[in-house]
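Coordinate analysis (summary)
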Amino acid sequence: MNAIVALCHFCELHGPRTLFCTEVLHAPLPQGAGAGDGPGQGEPAEEEEGGIQMSSRIRAHSPAEGASAESSSPGPKKSDMCERFRSLAAGHPGYISHDKETSIKYVSHQHPNHPQLFSIVRQACVRSLSCEVCPGREGPIFFGDEQHGFVFSHTFFIKDSLARGFQRWYSIVAIMMDRIYLINSWPFLLAKIRGIIDGLQGKALRVFEAEQFGCPQRAQRMNTAFTPFLHQRNGNAARSLTSLTSDDHLWACLHTSFAWLLKACGSRLTEKLLEGAPTEDTLVQMEKLADLEEESESWANSEAEEERAPALLEGVERRELSKSSTDSLRSDCAGWQPRKLSVFKSLRHMRQVLGAPSFRTLAWHVLMGNQVIWKSRDAELVQSAFDVLRTMLPVGCVRIIPYSGQYEEAYRCNFLGLSPHVQVPPHVLSSEFAVTVEARPAARSNPNLAGCEDDQSLSKYEFVVTSGSPVAADRVGPTILNKIEAALTNQNLSVDVVDQCLICLKEEWMNKVKVLFKFTKVDSRPKEDTQKLLSILGASEEDNVKLLKFWMTGLSKTYKSHLMSTVRSPTASESRS
């Protein structure tokens, strides 16, 4: 992530000052930033964590070198700074971390070496500790502009027994030019920076309590005759952060934390090049992930409230329900990503295991949106079967309960995994809107797997597909099912080609769904016009109509809201009239 993270302090004599900052270097280090970047060149490697190799750029400086570096530095003059508020001693070149994976270097020092970066960090420091402050003077805030960059700032107090009010004011700022990226990283930055602040405040509080126990300052000040505070301070009143926390390795630890923060924040969000408009599966997946993050955040907030007050039984039940729905959504989102299929390797493999007639019955029910109940002792087998079957449907039409100890109604899921001893209600077994697949122990080896050495785990099962409304062999079925079977039976097509073919077929029929949705739900056309439209789309058969209506439930909220906003706009109404 191209950003700078800095620790700032408000000095009572000199105002806001930058104490410590960490920046990302993609190019070779600038001249004067330290010699011997690689380990083994005078730079001892200290530790390696998360692919980042930590080292300290410590080398000998002659007085002449130090003087020349100080004269050319863009930072404030030595006379303008409190010596006790220096993070690194004079002549200390700072710290550097090498990321082996990306060849990026994370460099920490008191001020950026580049004059323009120094100006940006300086302005962010001043604004974070003066005008850009949230209520209470402690907490996160966002500000910035295109010229000077955008800033995430978190102000906080550190306990000090010798300071006015027994505390000093600090801030941690993250500066970057990409406003959208910084805003999207707000929850992550807030949680991690809050953790760093809690660590600093905890160390300082222990030192403060120890000092107050030995020599209480409040009583001593009350017994002292009133004099202006600034004139009565002795030389020990201005104390460094290292002294306040009693941590001699504070700056090395902050360098490690800031370097990890920059690497992790840059790795959690990636840009992907999309050719053309995003597909419905992509839009639905993005919406599900956004809902998941929002629900997880609200759940975390509810947990914090429950810690403050005793939890009632209703609250616990609600929380469990929320957790189960969150876990279901998490597994649903995770399942959309490519994963290794340990049992069923592809649709073609499943068709071979089940047999062509049973697979066609199962696939027909899947495409129609009927409930698929898979009963087996092996939960991994059930999960693998659902991972394969879900590829025939749009992401928005998939609702999975991978393995349950009781029957769940069809409105909750269209894929349900059950253990063999779970009883399915009789009306479901006889319903035309459900299909059951039972993996029973096989008395003899499955003839469909003869000659397949890789399917030994499946040879011990006999798969029985039953439904209250079996699909007739001569039934035409939906068009997309016939095309899928044609692709599966064509041995000249590899599994990867069949997968791409399936994606194209789903996009083709999702486009028909979009047209039908706008025609019927938005424009409210009569049934006669709808029949003509279905004929034009080549979907006038009963099975095709049922499929389109079911797939309509998988349209993204983004597409639906876009259509509704377009219809309600004045220009759209004028064009229609």
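Residues numbered from 1 in each chain as written. Predicted model: local features only at pLDDT ≥ 70, side-chain atom pairs only at ≥ 80, totals over all residues. Heavy atoms only, no water.

When helices and strands are tallied, the chain shows 21 helices and 14 strands. Counting every position in the chain, which comprises 577 residues, the buried fraction comes to 44%. Considering only intrachain contacts with a sequence separation of at least 6, the fraction spanning at least 24 residues in the chain is 70%. Summed over its atoms, the accessible surface of the chain is roughly 30,600 Å², and 55% of this surface lies on carbon and sulfur atoms. (Helix = DSSP H or I, 4+ residues; strand = E, 2+ residues; numbered from the N terminus. Buried < 20%, exposed > 50% of the residue type's maximum accessible area, 1.4 Å probe, protein only. Contact = heavy atoms within 4.5 Å. Areas by Shrake-Rupley, 256 points an atom, 1.4 Å probe, with all protein chains shown as cover.)

Let us now look at helix H2 (residues 115–128). Taking 1.5 Å of rise per residue, the 14 residues of H2 would be expected to cover 20 Å, and the 20 Å separating its terminal C-alpha atoms lies within 8% of that figure. Of the positions making up H2, those classed as buried are Phe118, Ile120, Val121, Ala124, Cys125 and Ser128. Buried residues in H2, looked at end-on, bunch into an arc of 165 degrees, giving them a common side. Across H2 from its buried face, at more than 90 degrees, point the exposed residues Pro115 and Gln116. Packing partners of the buried residues in H2 comprise strand S1 (4–11), strand S2 (15–25), strand S7 (139–145), strand S8 (149–159) and strand S9 (167–176). (Expected span 1.5 Å × (residues − 1). Arc of directions from axis to C-beta.)

Taken in spatial order, the five strands line up as S11-S12-S10-S13-S14 in an open sheet, and their pairing is mixed. Each end of this open sheet is capped by a strand with a single partner; those strands are strand S11 (400–404) and strand S14 (461–467). Sheet twist, expressed as the average angle between the axes of neighbouring strands with direction ignored, equals 15 degrees. (Pairing = 2+ DSSP bridges. Axes fitted to C-alpha atoms, helices over the stretch in contact; angles between N-to-C directions.)

Within helix H13 (residues 379–389), eight of the 11 residues are buried, which leaves it mostly tucked inside the rest of the structure. Those residues of H13 not exposed but buried are Leu381, Val382, Ser384, Ala385, Phe386, Asp387, Val388 and Leu389. The opening residue of H13, the one whose side-chain oxygen lies 3.0 Å from the backbone nitrogen of Glu380, is Asp378. (Polar contact = N/O pair within 3.5 Å; in protein donor to acceptor, adjacent residues only side chain to side chain.)

Strand residues, when the strand is regular, have side chains that alternate between the two faces of the sheet. Counted residue by residue, S8 has 10 buried out of 11 residues, so it is predominantly covered. Across seven bridges, S7 lies against S8 in antiparallel orientation. Following the sheet pairing, Phe143 is matched in S8 by Val151. What sits between the antiparallel neighbours S7 and S8 is a turn of three residues.

The predicted model of the chain averages 77 in pLDDT, with 72% of residues at 70 or higher. Note that pLDDT drops below 50 for residues 56–73; the model gives that stretch 28 contacts with residues more than four away or on any other chain. For the stretch residues 229–236, pLDDT sits under 50, and the model shows 12 contacts to residues farther than four places along the chain or on other chains. (pLDDT = per-residue confidence, 0-100.)

With that settled, the discussion passes to the nonpolar core. Phe344, Met350, Trp374, Phe463 and Trp551 are the most contacted members of the largest nonpolar core, which totals 61 residues. It is helix H17 (residues 495–522) that provides the largest number of residues to this core, a total of 10 residues. Of the residues that make up this core, three or more belong to each of domain 2 (347–442 + 458–474) and domain 3 (497–568). Listed in part, the 39 residues of the second largest apolar core include Phe188, Ile193, Ile197 and Trp251. (Core = buried A, V, L, I, M, F, W, Y, C linked by side-chain atoms within 4.5 Å. Domains from an automatic or database assignment.)

Attention now moves to the packing of aromatic side chains. Within a pair of aromatic rings, the relevant descriptors are the distance that separates the centres and the angle that separates the planes. The final tally for this structure, using the stated rule, is 13 aromatic pairs. Each ring, one from Trp374 and one from Phe463, has its centre 6.0 Å from the other, and the planes form 65 degrees; the classification is edge-to-face. In this pair, Trp374 sits in strand S10 (residues 371–375) while Phe463 sits in strand S14, placing the two residues 89 residues apart along the sequence. Classification of Phe463 by relative accessible area gives buried; the value is 11%. (Phe/Tyr/Trp six-rings, centres within 6.5 Å; stacked < 30°, edge-to-face > 60°.)

Before going further, it helps to spend a moment on the pairing of strand S13 (residues 434–441). Here S10 pairs with S13 via five bridges, running parallel. The residue of S13 that forms the bridge with Lys375 is Glu438. Where S13 lies against S14, seven bridges are found, and the strand directions are antiparallel. Bridge pairing in S14 links Glu438 to Val464.

This part takes up the side chain of Gln371. By the element assignment, Gln371 lies in strand S10. Looking at Gln371, its side chain comes within polar contact range of the main-chain oxygen of Cys413, at 3.4 Å.

Interhelical geometry of helix H12 (residues 356–368) versus helix H19 (residues 542–551) gives an angle of 50 degrees and a closest axis separation of 8 Å. Classified by the angle between their axes, H12 and H19 sit oblique to one another. Contact residues: H12 offers Trp364, Val366, Leu367 and Met368, while H19 offers Asp543, Lys546, Leu547, Phe550 and Trp551. Residues that form the contact of H12 with H19 fall into these classes: seven nonpolar, no polar and two charged. (Parallel < 35°, antiparallel > 145°, perpendicular 65-115°, else oblique. Nonpolar A, V, L, I, M, F, W, Y, C, P; charged D, E, K, R; others polar.)

Attention now moves to the packing of helix H16 (residues 479–489) against H17. Axes are the key here: two packed helices are described by the angle between their axes and the distance separating the axes. In contact at an axis separation of 10 Å, H16 and H17 are set at 170 degrees when each is read in the N-to-C sense. Classified by the interaxial angle, the pair formed by H16 and H17 is roughly antiparallel. The segment H16 lies against H17, with Thr479, Ile480, Lys483, Ile484, Ala487 and Leu488 engaging Val498, Cys501, Leu502, Leu505, Lys506, Glu508 and Trp509. Here the residues of the contact of H16 with H17 sort into nine nonpolar, one polar and three charged.

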